[in-house]
Amino acid sequence: MARLSACGRLAAAALWLAGVLPATAQPQPVRAAPTRPTAPVLWPTSRLRSFDCVNLRDFAAHYDLTATWSKPLLTMTLRDAHGVRFTFETNQRDFYFDGLRVFLGEPVIMERDSLWVSKLDLIKVVVPLFRPAEHLAQLPATPPKLIVLDPGHGGSDPGKENRLFGINEKTVTLDVAQRVKKILESRGWQVMLTRTEDTKLASEQVLDLQRRADMANKAGADLFLSIHFNSVEKDSDRVTGVETYTMTPQFMLSTANDKKDEMTDTAFPGNRLDYANLLFGEQMHRAMLAGLKTPDRGFKRGRLVVLRFAECPSALVECAYLSSNGEARRVATPEFRQQIAEAIAGGVQDYAAALAALRSAAGPAKPG
């Protein structure tokens, strides 16, 4: 993430002193935001591969970006005075925004000497990442105060395991969550855990997961983060890094899906906060990558139970791969779990700072 100028740091400090961040939280650098929201854009579309698509050259022209082929008819970059902001590749469902790997619902399409993205991806992912101020009305009006942390699994459900180092997911998620709680409380936030012991919230898995979101909802949480560790079977020792998930917008394909299912067209409670989820997930994913210096496995979308029913901005982070002996060796140490906790706390703080900066840039609301 780019460093703020001296003026930017003073502005962030002013927000901190004005009370938009917890009293003991230090303001974190965030990207500059436009000073005013703009009216929704009526993007020209073409029907390609059964869905409406927008030409990336039209998107680039609207935001004064220069679109060029870095690899002819394969990879396109969009840049401005600050450098390359986007990189898109033909037939891929991921792209890079300011160096962050982000997943789309549909693949990028090459057509008529340009690349195209689905209109839904443009509206729900690409534009709000680049211009979050355009969706300021859909972002929380007040700074977060109560953070609910959800240590994944528990009780009879150990989650992922690494037998070589004798660790399992339920144990390390709880340890990390307790460490995050201590850090955030020292910085002025209120923090609640969905579990504080090695227990499940319900015997049935779906009910157990739903109760975690229910706890956050009943507590009136301002942010909900579910903490997990990952595992793969193929190339298990080579696959490492961090993934972050937020709730899949209605009508969009989740990252793990290549076709619609019975949930695709359903509007879940978590979809009421699509833009806030995106902002929170982006800040969390950037903070994890920066704090852990680990491979970027992607900022992804999923209709996970804990995200479907959350009534506040929410995300799920897969902190590391227990299937990798090299990464599991690190997870087994208290020092690395503390590092993970610091990165998660940094993501919460960065989200609060980004939200405060957007509202400050927009100025006071005009009386109706």
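Everything numeric in this text was worked out from a predicted model, so none of it was measured.

Trainee: Whenever I open this one, the overall build of the chain confuses me. Can you help?
Mentor: From N to C terminus, the chain includes nine helices and 17 strands. Looking at the chain alone, contacts between residues at least 24 apart form 71% of all its contacts between residues at least 6 apart. Taken as a whole, the chain presents about 16500 Å² of accessible surface, with 52% of it coming from carbon and sulfur.

Trainee: Explanation requested: the pairing of strand β17 (residues 314-321) in the structure shown.
Mentor: For β17, a buried count of eight out of eight residues is recorded, marking the element as mostly surrounded by other parts of the structure. Where strand β14 (residues 223-230) and β17 come together, six bridges link them in parallel fashion. In the sheet register, Phe224 faces β17, and the bridge partner there is Ser314. Where strand β15 (residues 242-247) lies against β17, three bridges are found, and the strand directions are antiparallel. Paired with Tyr245 across the two strands is Leu316, which belongs to β17.

Trainee: Which parts of the structure should I look at to understand empty space enclosed by the protein?
Mentor: If you roll a probe as big as a water molecule over the atoms, it shows you where there is empty space left. In total, this model carries two cavities of 30 Å³ or more according to the counting rule given. As a volume, the largest cavity reaches approximately 70 Å³. Taken together, Pro128, Leu129, Pro132, His135, Leu139, Tyr275, Leu278, Leu279 and Glu282 make up the full set of residues lining the largest cavity. Of all the elements in the fold, those that place two or more residues in the lining of the largest cavity are α3 (119-130) and α6 (274-292). Here the lining of the largest cavity takes four residues from α6, the largest share from any one element. Of the residues in the lining of the largest cavity, the class split is seven nonpolar, one polar and one charged. The volume enclosed by the second largest cavity comes to roughly 50 Å³. Secondary structure elements with two or more residues in the lining of the second largest cavity: α3, β15 and α6. Counting residues per element, the lining of the second largest cavity draws most heavily on α6, at three residues.

Trainee: Mind showing me how you'd approach helix α4 (residues 169-186) here?
Mentor: An α-helical turn contains 3.6 residues, so any two residues separated by three or four positions project in the same direction. With 18 residues, α4 should reach 26 Å at 1.5 Å per residue; the first-to-last C-alpha distance of 26 Å fits that figure. Three or more residues of α4 are buried, namely Glu169, Lys170, Val172, Thr173, Leu174, Val176, Ala177, Val180, Ile183 and Leu184. A positive phi of about 105° marks Gly188, the residue just after α4.

Trainee: Help me understand the packing of α6 against helix α9 (residues 334-362), please; the structure alone is not making it clear to me.
Mentor: Relative placement of two packed helices is described by the angle separating their axes and the distance separating the axes. Orientation of α6 relative to α9, taken along the N-to-C sense of each, is 140°, at an axis distance of 8 Å. In terms of orientation, α6 lies oblique with respect to α9. In this structure, the crossing between α6 and α9 has a hand that is right-handed. Residues belonging to the contact of α6 with α9 are distributed by class as follows: 16 nonpolar, five polar and one charged.

Trainee: What's the story with the pattern of salt bridges in this structure? I'm lost.
Mentor: Side-chain pairing between opposite charges can occur once the charged atoms of the two side chains come close. Taken as a whole and judged by the stated rule, the model has 16 salt bridges. Residues Lys124 and Asp274 are paired through a salt bridge, measuring 2.9 Å at the closest nitrogen-oxygen approach. Of this pair, Lys124 sits in helix α3 while Asp274 is found in helix α6, placing the two residues 150 residues apart along the sequence. Given a relative accessible area of 9%, Asp274 falls into the buried group. We note a salt bridge from Glu282 to Arg286, for which the minimum N-O separation is 3.1 Å. Within this pair, Glu282 and its partner Arg286 are both found in helix α6, separated by four residues, close to a single helical turn. Residue class for Arg286 comes out buried when judged on its relative accessible area of 10%. The structure contains a network of salt bridges with shared partners spanning Asp80, Arg85 and Asp98.

Trainee: When you look at the packing of aromatic side chains in this model, what are you seeing that I'm missing?
Mentor: In this description, an aromatic ring pair is defined by two values, namely the gap between the centres and the angle between the planes. The tally for this structure, following the rule as stated, stands at 14 aromatic pairs. A centroid spacing of 6.3 Å and a plane angle of 40° characterise the contact between Trp43 and Tyr63, whose relative ring orientation is tilted. With a gap of 20 residues between them, Trp43 in the loop between α1 (6-17) and β1 (46-48) and Tyr63 in the loop between α2 (56-62) and β3 (66-71) connect regions that are remote in the sequence. By relative accessible area, Trp43 is classed as buried at 10%.

Trainee: Can you help me understand the pairing of strand β2 (residues 51-55) in this one?
Mentor: Remember that side chains alternate between the two faces of the sheet whenever the strand is regular. Among the five residues in β2, four count as buried, and that is most of the element. Bridging between β1 and β2 involves three bridges; their strand directions are antiparallel. Looking at β2, one finds that Ser46 is bridged to Cys53. In textbook terms, the turn of a hairpin is the stretch between consecutive antiparallel strands, and for β1 and β2 this stretch comprises two residues, one of which, Arg49, has a positive phi near 55°. Examined bridge by bridge, β2 and strand β9 (residues 114-118) share three bridges and lie antiparallel to one another.

Trainee: How should the confidence of the model for the chain be read in this particular structure?
Mentor: Any residue range with low pLDDT should be treated as having predicted coordinates unsuitable for detailed reading. Looking at the chain as a whole, its pLDDT mean stands at 90, while 88% of the residues score no less than 70. Predicted confidence for residues 1-20 stays below pLDDT 50, and this span has 27 contacts to residues more than four positions away or in other chains.

Trainee: Looking at this structure, how should I read the nonpolar core?
Mentor: As a rule of thumb, nonpolar side chains are buried together in soluble globular proteins. Among the nonpolar cores identified, the biggest contains 48 residues, and Leu225, Phe229, Met288, Ile340 and Ile344 are the most heavily contacted of them. Elements represented by at least two residues in this core include exactly β10 (146-151), α4, β13 (190-193), β14, α6, β17, α8 (325-331) and α9. Among the elements that take part in this core, α9 stands out by supplying 12 residues, more than any other. Apart from residues no more than four positions distant in its own chain, Met288 is found in contact with Val242, Lys293, Thr294, Val317, Cys319, Ile340, Ala343 and Ile344. Among the nonpolar cores identified, the runner-up in size contains 30 residues, and Leu115, Leu129, Phe130 and Leu278 belong to it.

What counts as what
Residues numbered from 1 in each chain as written. Predicted model: local features only at pLDDT ≥ 70, side-chain atom pairs only at ≥ 80, totals over all residues. Heavy atoms only, no water. Helix = DSSP H or I, 4+ residues; strand = E, 2+ residues; numbered from the N terminus. Contact = heavy atoms within 4.5 Å. Areas by Shrake-Rupley, 256 points an atom, 1.4 Å probe, with all protein chains shown as cover. Buried < 20%, exposed > 50% of the residue type's maximum accessible area, 1.4 Å probe, protein only. Pairing = 2+ DSSP bridges. 1 Å grid on protein atoms, 1.4 Å probe; cavity = no way out; pocket = protein on both sides within 12 Å on 5 of 7 lines; lining within 4 Å. Points joined across faces, edges and corners; volume = space filled by probe spheres on them. Nonpolar A, V, L, I, M, F, W, Y, C, P; charged D, E, K, R; others polar. Expected span 1.5 Å × (residues − 1). Axes fitted to C-alpha atoms, helices over the stretch in contact; angles between N-to-C directions. Parallel < 35°, antiparallel > 145°, perpendicular 65-115°, else oblique. Left-handed = near helix turned anticlockwise from the far one by under 90°. Salt bridge = Lys/Arg side-chain N within 4 Å of Asp/Glu carboxyl O. Phe/Tyr/Trp six-rings, centres within 6.5 Å; stacked < 30°, edge-to-face > 60°. pLDDT = per-residue confidence, 0-100. Core = buried A, V, L, I, M, F, W, Y, C linked by side-chain atoms within 4.5 Å.

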